[in-house]
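Observations on chain architecture
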Amino acid sequence: MPSQLISESQPVHYSKPDPITGEEKPDVPASPPGPEPRLRTILKTDEQKKAGSDGTVEQTPAPPLIREAKPRYRDNPPPHYPILARKRNYQGTVILEVFIDKNGRVADMKIFSSSGYTTLDKAARTTVEDWLFEPGMEGENKIEMWVKIPIRFQLK
């Protein structure tokens, strides 16, 4: 019998002669010699799952970048240091949480972290409520957002 190249992807059929007629007839497919084939689990990556039948990969666009609103420091006045706070040597940092609208104006504000002195906290709020901001951006669109603004009171 001539040697045959056995491929794993195609079943091999062996023939045996019929005992009565002598004709060769196909037998049940036999596995090639060696270990029995095992089932393989193929895990696909997200890119492979999205691949079409033509092999092209559908790419999802990246989410638009978000740019945080920021104060226009050159256009905004510095906070006024209260006279009573100066006399008493009050110093500290107030962190304000400020909601900026799409036009760059303060729409809402609250104290995130106090300086420890009511007069300094009030001076910070009074100053920042009239500030102008560069509005937040999502891609090319202006958006409303909360930002934290530190106001430092320090005597020199």
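Look above for the structure.
Below you will find a few notes about this structure. Remember, predicted model here, so these are calculated numbers, not experimental data. (Residues numbered from 1 in each chain as written. Predicted model: local features only at pLDDT ≥ 70, side-chain atom pairs only at ≥ 80, totals over all residues. Heavy atoms only, no water.)

Here's the deal with the packing of aromatic side chains
- Evaluated as defined, the whole model comprises five aromatic pairs.
- On the numbers, 4.0 Å between centres and 15° between planes, the contact of Y90 with Y117 is stacked. Taken together, the residues Y90 in the loop between α2 (83–87) and β5 (92–100) and Y117 in the loop between β6 (106–113) and α3 (118–128) connect sequence positions 27 residues apart.
- Ring geometry for W131 and F133: centres 6.4 Å apart, planes at 50°, overall tilted. Both residues of the pair, W131 and F133, count as buried. (Phe/Tyr/Trp six-rings, centres within 6.5 Å; stacked < 30°, edge-to-face > 60°. Helix = DSSP H or I, 4+ residues; strand = E, 2+ residues; numbered from the N terminus. Buried < 20%, exposed > 50% of the residue type's maximum accessible area, 1.4 Å probe, protein only.)

Focus: the sheet that holds strand β8 (residues 136–138)
- Across the sheet, three strands lie side by side as β3-β8-β9; this open sheet has antiparallel pairing. Lying at the two open borders of the sheet, with one neighbouring strand each, are β3 (66–67) and β9 (141–143).
- Alignment of β3 against β8, held across two bridges, turns out to be antiparallel. Its bridge partner lying in β8, I66 is registered against E138. (Pairing = 2+ DSSP bridges.)

Points about the sheet that holds β5
- With respect to topology, three strands assemble into an open sheet ordered β6-β5-β10, the strand pairing being antiparallel. Each of the sheet's edge strands pairs with one partner strand only, and the pair in question is β6 and β10 (145–153). Strand-to-strand twist across the sheet, computed as the mean angle between neighbouring axes with direction ignored, equals 30°.
- Seen against the sheet, α3 touches β5, β6 and β10 and runs at an angle of roughly 35° to β5. (Axes fitted to C-alpha atoms, helices over the stretch in contact; angles between N-to-C directions. Contact = heavy atoms within 4.5 Å.)

Regarding the pairing of β10
- Alternating residues of β10 divide into M145, V147, I149, I151 and F153, all buried, and W146, K148, P150 and R152, none buried.
- Relative to β10, β5 runs antiparallel, the two sharing nine bridges. Paired with L96 across the strands is I149, a residue of β10.

Examining the pattern of salt bridges
- Counting across every chain of the model gives two salt bridges.
- Across the salt bridge formed by D75 and R72, the nearest N and O atoms sit 2.8 Å from each other.
- Two residues, E134 and R72, come together in a salt bridge whose shortest N-O distance is 3.9 Å. With E134 in strand β7 (residues 133–134) and R72 in the loop between β4 (70–71) and α2, the pair connects residues that are 62 residues apart, well separated along the chain.
- A residue is classified by how much of its surface remains accessible, and E134, at 33% relative accessible area, is partly exposed. (Salt bridge = Lys/Arg side-chain N within 4 Å of Asp/Glu carboxyl O.)

Brief notes about the nonpolar core
- Within the largest apolar cluster, 21 residues are counted, with the highest numbers of intra-cluster contacts made by L96, V98, V128, F133, V147, I151 and F153.
- Of all the secondary structure elements, the ones that give two or more residues to this core are β5, α3 and β10.
- Per-element accounting of this core gives the leading share, five residues, to β10.
- Beyond its immediate stretch of four places on either side in the chain, V147 contacts E68, A69, L96, E97, V98, I100 and F133. (Core = buried A, V, L, I, M, F, W, Y, C linked by side-chain atoms within 4.5 Å.)

Brief notes about α3
- Here α3 has its buried residues at L120, D121, A123, A124, T127 and V128. Looking straight down α3, one finds that the buried residues subtend no more than 160° of arc, so they occupy a single side. Across α3 from its buried face, at more than 90 degrees, point the exposed residues T118 and K122. (Arc of directions from axis to C-beta.)

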